Amino acid sequence: MFGDMMGMMGKLKETQQKVEATKERLNSVYITEKSSDNLLEVSISANRELKSIQIDDSLLNDKEQLEDYLILTLNKAIAQATKVNETELAAVAKEGMPNIPGMDSLFK
């Protein structure tokens, strides 16, 4: 029993290291979203850190329109980045979890 517990703790520590490595790797995974007419483009990392914004000059004449474009496009990019982030981290966590009855339902 004690040996099983030590093995489980080792596996959990290994999984924690893999999760941290995955988080680090996700800093270099970029999601780019564009407005429907390609006048605005935003790029963020899978860890939801904004990397770049490119705005067509025509949007600079209308502050309200630019704000709307930013909100819509950033929200799409954040949603996509969140999906990638959660999928990657869940896969690593599930792979490294010890076989504990009832835990499978947490990762579905």
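Residues numbered from 1 in each chain as written. Predicted model: local features only at pLDDT ≥ 70, side-chain atom pairs only at ≥ 80, totals over all residues. Heavy atoms only, no water.

### Some points on the overall build of the chain
The helix and strand tally for the chain stands at two helices and three strands. Considering the chain as a whole, with its 108 residues, one finds that 24% of them fall into the buried category. Of all intrachain contacts in the chain linking residues separated by at least 6 positions in sequence, the fraction that spans at least 24 positions is 52%. Surface summary for the chain: the accessible area is close to 7700 Å², and the carbon and sulfur share equals 54%. (Helix = DSSP H or I, 4+ residues; strand = E, 2+ residues; numbered from the N terminus. Buried < 20%, exposed > 50% of the residue type's maximum accessible area, 1.4 Å probe, protein only. Contact = heavy atoms within 4.5 Å. Areas by Shrake-Rupley, 256 points an atom, 1.4 Å probe, with all protein chains shown as cover.)

### Things to note about the sheet that holds strand β2 (residues 40-45)
The three strands are arranged β1-β2-β3 in an open sheet whose pairing can be described as antiparallel. Of all the strands in the sheet, just β1 (30-34) and β3 (50-55) have a single pairing partner and so form its edges. Averaged over all adjacent pairs, the angle separating strand axes in this sheet is 10°, with direction ignored. Sheet topology note: the β2/β3 ladder contains five bridges and is antiparallel. Looking at the pairing, serine 43 lines up with serine 52 of β3. (Pairing = 2+ DSSP bridges. Axes fitted to C-alpha atoms, helices over the stretch in contact; angles between N-to-C directions.)

### Observations concerning the nonpolar core
Formed by Val19, Leu26, Ile31, Val42, Ile44, Ala46, Ala77, Ala81, Leu89 and Val92, the largest nonpolar core amounts to 10 residues. The greatest single-element share of this core, amounting to four residues, is contributed by helix α2 (residues 63-96). Apart from residues lying up to four places away in sequence, leucine 26 is in contact with Ser45, Ala46, Asn47, Val84, Asn85, Glu88 and Leu89. (Core = buried A, V, L, I, M, F, W, Y, C linked by side-chain atoms within 4.5 Å.)

### Things to note about the pairing of β1
Taking every second residue as pointing to the same face, the buried face of β1 carries Ile31 and Glu33, while none of Tyr30, Thr32 and Lys34 on the other face is buried. By the bridge criterion, five bridges tie β1 to β2 in an arrangement that is antiparallel. Each residue of the ladder has a partner; that of isoleucine 31, found in β2, is isoleucine 44.

### Focus on the side chain of serine 45
Tracing the sequence through the fold places serine 45 in strand β2. Those residues within four positions of serine 45 in sequence are excluded, and the remaining contacts are Leu26, Asn27, Val29, Tyr30, Ile31, Lys51 and Ala81.

### Some words on the pattern of salt bridges
For the structure shown, the criterion picks out seven salt bridges. Put simply, glutamate 49 and lysine 51 hold a salt bridge, and the shortest N to O gap is 3.2 Å. (Salt bridge = Lys/Arg side-chain N within 4 Å of Asp/Glu carboxyl O.)

### A look at the pairing of β2
Of all six residues in β2, five are buried, a share of seventy percent or more. Counted between consecutive antiparallel strands, the loop separating β1 from β2 contains five residues, among which asparagine 38 sits at a positive phi close to 65°. Once β2 ends, the chain turns through four residues before running back antiparallel as β3, passing arginine 48 with a positive phi of about 65°.

### Here's the deal with a nonpolar patch on the surface
A contiguous nonpolar patch, built from Leu50, Ile53, Ile55 and Leu60 and spanning about 330 Å² of accessible area, is present on the exposed surface. Structurally, the position occupied by isoleucine 55 is in strand β3. Since its relative accessible area comes to 32%, isoleucine 55 is described here as partly exposed. (Patch = residues over 30% accessible without salt bridge, like charges linked within 9 Å, V, L, I, M, F, W, Y side chains within 5 Å.)

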